[in-house]
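# Working through the structure, step by step
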Amino acid sequence: FANIIFTRCPGPCARMTQTMRQLQVGIQAGSLDASLVSLSTDPEFDTPEVLSQYARKFKADTASWHFLTGSKEEIIRMATEEWLLVLQEKDETQRDSPNDIFLHSTLTVLIDGLGRIRGSYELLEEGEVEAALMDLRQLHDEAS
């Protein structure tokens, strides 16, 4: 599972990270083999140290949940071309606050071992964590 966030987000990112934590707990409880990736859209601020603190804040098991960053170009390519998620930096005149930096998707995508998107989920909606876990179980069953 993969999503895009940034740690100083004044909007949905904290809630998205909380639901990714629920997803991680469900994966562990179901003895499923899966990794989670949260890609920061804010590489200037979200250094590896900041991302590590953020992971601890949300009690992420970083053995299977990776908080990544990179160059702006790599992040935009991964988010928009590989994961097919919306990501756009806001012009300063469009920002509601200094930390309102990006317009981005709140979807989480399920990616199989071949790098194919197998599902997308609005985890902030009721029942979506369970739907994502069911699809992951089905993906595991296909591979068996």
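Notes on the structure follow. (Residues numbered from 1 in each chain as written. Predicted model: local features only at pLDDT ≥ 70, side-chain atom pairs only at ≥ 80, totals over all residues. Heavy atoms only, no water.)

## Examining the side chain of Ser105
Looking at where Ser105 falls in the secondary structure, it is placed in the loop between strand S5 (102-104) and strand S6 (108-111). You can call Ser105 buried: its relative accessible area is 9%. Here Leu107 takes part through its backbone nitrogen, which lies 3.0 Å from a polar atom of the side chain of Ser105. Beyond its immediate chain neighbours, meaning those up to four positions away, Ser105 contacts Ile4, Met16, Leu85 and Val86. (Helix = DSSP H or I, 4+ residues; strand = E, 2+ residues; numbered from the N terminus. Buried < 20%, exposed > 50% of the residue type's maximum accessible area, 1.4 Å probe, protein only. Polar contact = N/O pair within 3.5 Å; in protein donor to acceptor, adjacent residues only side chain to side chain. Contact = heavy atoms within 4.5 Å.)

## Looking at the nonpolar core
Generally speaking, nonpolar side chains in soluble globular proteins are found buried as a group. The biggest cluster of nonpolar side chains holds 27 residues, and the ones touching the most others in it are Phe1, Leu23, Ile27, Leu36, Phe67, Leu123 and Leu136. Looking at this core, the elements with two or more residues in it are helix H1 (13-29), helix H2 (48-57), strand S3 (65-68) and helix H4 (128-143). Once residues within four sequence positions are removed from consideration, Phe1 is found in contact with Met20, Leu23, Ile27, Ser35, Leu36, Val37, Thr108, Val109, Leu110, Tyr121, Ala132 and Leu136. (Core = buried A, V, L, I, M, F, W, Y, C linked by side-chain atoms within 4.5 Å.)

## Digging into the pairing of S6
In this structure, S6 lies alongside strand S7 (residues 117-121), joined through 4 bridges in antiparallel fashion. The residue of S7 that forms the bridge with Thr108 is Tyr121. Linkage of S6 to S7, two consecutive antiparallel strands, is achieved through a turn of 5 residues, within which Gly115 is found at a positive phi near 85°. (Pairing = 2+ DSSP bridges.)

## Focus: the pattern of salt bridges
The full count for this structure, using the stated rule, is 5 salt bridges. Close ionic contact of Arg116 with Asp112 constitutes a salt bridge, the shortest N to O distance being 2.7 Å. For Arg116, a relative accessible area of 45% translates into the label partly exposed. Given a relative accessible area of 9%, Asp112 falls into the buried group. Beyond isolated ion pairs, a larger network of salt bridges with shared partners links Asp112, Arg116, Arg118 and Glu142. (Salt bridge = Lys/Arg side-chain N within 4 Å of Asp/Glu carboxyl O.)

## Looking at the environment of Leu68
When you line up the elements, Leu68 lands in strand S3. By relative accessible area, Leu68 is classed as partly exposed at 38%. A C-alpha to C-alpha distance of 9.5 Å links Leu68 and Ile4, two positions 64 residues apart in sequence.

## A closer look at the environment of Gln18
Inspection of the secondary structure puts Gln18 in helix H1. Once the C-alpha coordinates of Gln18 and Ala55 are considered, the two residues, 37 residues apart in sequence, prove to be 10 Å apart.

## Regarding H1
For H1, built from 17 residues, the straight-helix expectation of 24 Å at 1.5 Å per residue is met to within 8% by its first-to-last C-alpha distance of 24 Å. Within the span of H1, buried status applies to Cys13, Met16, Thr17, Thr19, Met20, Leu23, Gln24, Gly26 and Ile27. A positive phi of about 50° marks Ser31, the residue just after H1. (Expected span 1.5 Å × (residues − 1).)

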